[in-house]
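Chains, contacts and geometry: an overview
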Amino acid sequence: MIQNGILYLGVLLLLTASVAYSEKKFKDRKLFKIIPGIVLIYIFGAILQTAGVFGDSTSNDVVYTEVKNLLLPAMLLLMLLQCDLRKIIRMGPKLLLTFFFAAITIVLGFTITYLLLKGFYAEDTWKAFAALSGSWTGGSANMVALQDILDVPENIFGYALIMDTINYSIWVMFMFWLVPHASRFNRWTGAKNSAVPNELEVSNEQNDGKIGFSELMVLIGGSIFISAVCWEIGNSLPAIGAVFNATTWTVIFASIIGLGLAVTPVAKIPGSNEISRVMLYIIIALIASHADFSQIFQAPIYILSGFMILLIHALAMIFVAKVFKLDLFTMGVASLANIGGMASAPVLAGAYHRALVPVGVLMALLGNLLGTYFGIITAQILSAL
């Protein structure tokens, strides 16, 4: 049983590094195509906790809290460096409105499903659903942020991660299955043949520069310093209700700073994506180390809930596509930009046409920007039910 905080952190870092290395080296293996590395980290971390490898100790608790709190705002800031609001605005009203409608229908799906099945859930499930809605309207980083903001119990958070894997995977497969049927769908809705307005001009700029020592130091040192400053400011502000606490304020300030830096030369420094992903994996490992799989038998009701949420979302999207004569590309990418984020939206866009990949990138970035706030809205609604 490990009760030393330093050893506890070392084991989690070794676990994270092992999975990340295996994910890259064996990326063509079926395992990593079915279960992403981030979920494997959670599963293995939770197994270690359930088996009693990590003991209850003040040292472990201090390391868990301090490391997670320090990395979370830094991770969000680095991820937002690629989110240039000027490019998102140029996407045009149709794509933007469809994206927001997709997000609203997902929040609606969570609300209706929770209201119908509330009696079957474990206590505090509303918090896990709110965190998952942050992922399904943004990405994993938003989900992690909401887990911290809402103080979601680790056991319940595990169910949300299971939904995020199983339900999401099937939804992605369904979206790709629809691609060959786009012309038939577009004829049914009355959409124009062009999937994107002619005036839409986006670029798929990538920071492919060499990642060196100085770049790593600037990004790591700068993001952690800003994270510490944001925590100082957040802790000094008053709490408002059950959602707006010190963590909420900290996340908001880190997001604002990230957006501000995104339009400066800082955004061109290579390495922000890689470093933010390292931070994300470490945070997931820390969360998993507080989980317990002994209650995993409750998972079926949560998987069923995930399909109900997606069904409500799909029906609403089909309705609005028919009413406003929207094409399948717009509907599909708007949906996956919310539910799948950067991992799948650009790929789906490319399945329609190679030139449309930047649209998927920018819509996914918009989800990363707003997912946390849609999750907060979901939390406010579910907590009142």
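How each quantity is defined
Residues numbered from 1 in each chain as written. Predicted model: local features only at pLDDT ≥ 70, side-chain atom pairs only at ≥ 80, totals over all residues. Heavy atoms only, no water. Helix = DSSP H or I, 4+ residues; strand = E, 2+ residues; numbered from the N terminus. Areas by Shrake-Rupley, 256 points an atom, 1.4 Å probe, with all protein chains shown as cover. Salt bridge = Lys/Arg side-chain N within 4 Å of Asp/Glu carboxyl O. Buried < 20%, exposed > 50% of the residue type's maximum accessible area, 1.4 Å probe, protein only. Axes fitted to C-alpha atoms, helices over the stretch in contact; angles between N-to-C directions. Parallel < 35°, antiparallel > 145°, perpendicular 65-115°, else oblique. Left-handed = near helix turned anticlockwise from the far one by under 90°. Contact = heavy atoms within 4.5 Å. Nonpolar A, V, L, I, M, F, W, Y, C, P; charged D, E, K, R; others polar. Polar contact = N/O pair within 3.5 Å; in protein donor to acceptor, adjacent residues only side chain to side chain. Patch = residues over 30% accessible without salt bridge, like charges linked within 9 Å, V, L, I, M, F, W, Y side chains within 5 Å. 1 Å grid on protein atoms, 1.4 Å probe; cavity = no way out; pocket = protein on both sides within 12 Å on 5 of 7 lines; lining within 4 Å. Points joined across faces, edges and corners; volume = space filled by probe spheres on them.

1. Side note on the overall build of the protein chain
The helix and strand inventory of the protein chain stands at 17 helices and zero strands. Within the structure as shown, the protein chain displays about 17,500 Å² of accessible surface, and the carbon and sulfur contribution to it stands at 67%.

2. Notes on the pattern of salt bridges
Counting across every chain of the model gives three salt bridges. Of the charged contacts, one joins Lys-68 and Asp-148 as a salt bridge, the two residues approaching to 2.5 Å between their closest N and O atoms. In this pair, Lys-68 sits in helix α4 (residues 58-80) while Asp-148 sits in helix α8 (residues 140-150), placing the two residues 80 residues apart along the sequence. Owing to a relative accessible area of 13%, Asp-148 belongs among the buried residues under this scheme. The residue Lys-94 makes a salt bridge to Asp-327 at a minimum N-O spacing of 3.2 Å. Of the two residues, Lys-94 sits in helix α6 (residues 93-117) while Asp-327 sits in the loop between α14 (299-324) and α15 (328-339), which places them 233 residues apart along the sequence.

3. Here's the deal with the packing of helix α7 (residues 125-136) against α8
Between α7 and α8, the least distance of the axes is 7 Å, while the angle of their chain directions is 155°. One way to sum up the angle between α7 and α8 is to call them roughly antiparallel. α8 is crossed by α7, and the crossing has right-handed handedness. Residue-level inspection shows Lys-127, Ala-130, Ala-131, Leu-132, Gly-134 and Ser-135 of α7 in contact with α8, the latter providing Ser-140, Asn-142, Met-143, Leu-146, Gln-147 and Leu-150. Looking at side-chain class alone, the contact of α7 with α8 contains six nonpolar, five polar and one charged residues.

4. Some thoughts on the side chain of Asn-142
Tracing the sequence through the fold places Asn-142 in helix α8. Accessibility expressed as a relative area gives 2% for Asn-142, which makes it buried. Reaching out from Asn-142, the side chain makes a polar contact with the backbone nitrogen of Gly-139 at a distance of 2.9 Å.

5. Focus: a nonpolar patch on the surface
A surface patch of nonpolar side chains, amounting to about 330 Å² of accessible area, comprises Leu-115, Ile-377, Ile-381 and Leu-385. Judged by relative accessible area, Ile-381 falls into the partly exposed class, the value being 33%.

6. Details of the side chain of Asn-69
Among the structural elements, Asn-69 can be located in helix α4. Look at Asn-69 and you get buried, because its relative accessible area is 19%. In this view, Asn-69 contacts Asp-148, Ser-227 and Trp-231; residues no more than four positions away in its chain are not counted.

7. Here's the deal with empty space enclosed by the protein
Applying the stated criterion across every chain yields a total of two cavities of 30 Å³ or more. Along the walls of the largest cavity sit Leu-76, Met-79, Leu-80, Ala-141, Asn-142, Val-251, Ser-255, Asn-368, Leu-369 and Thr-372, which together make up its complete lining. Elements with a minimum of two residues in the lining of the largest cavity: α4, α8, α12 (246-261) and α17 (357-383). For the lining of the largest cavity, the residue count by class is six nonpolar, four polar and no charged.

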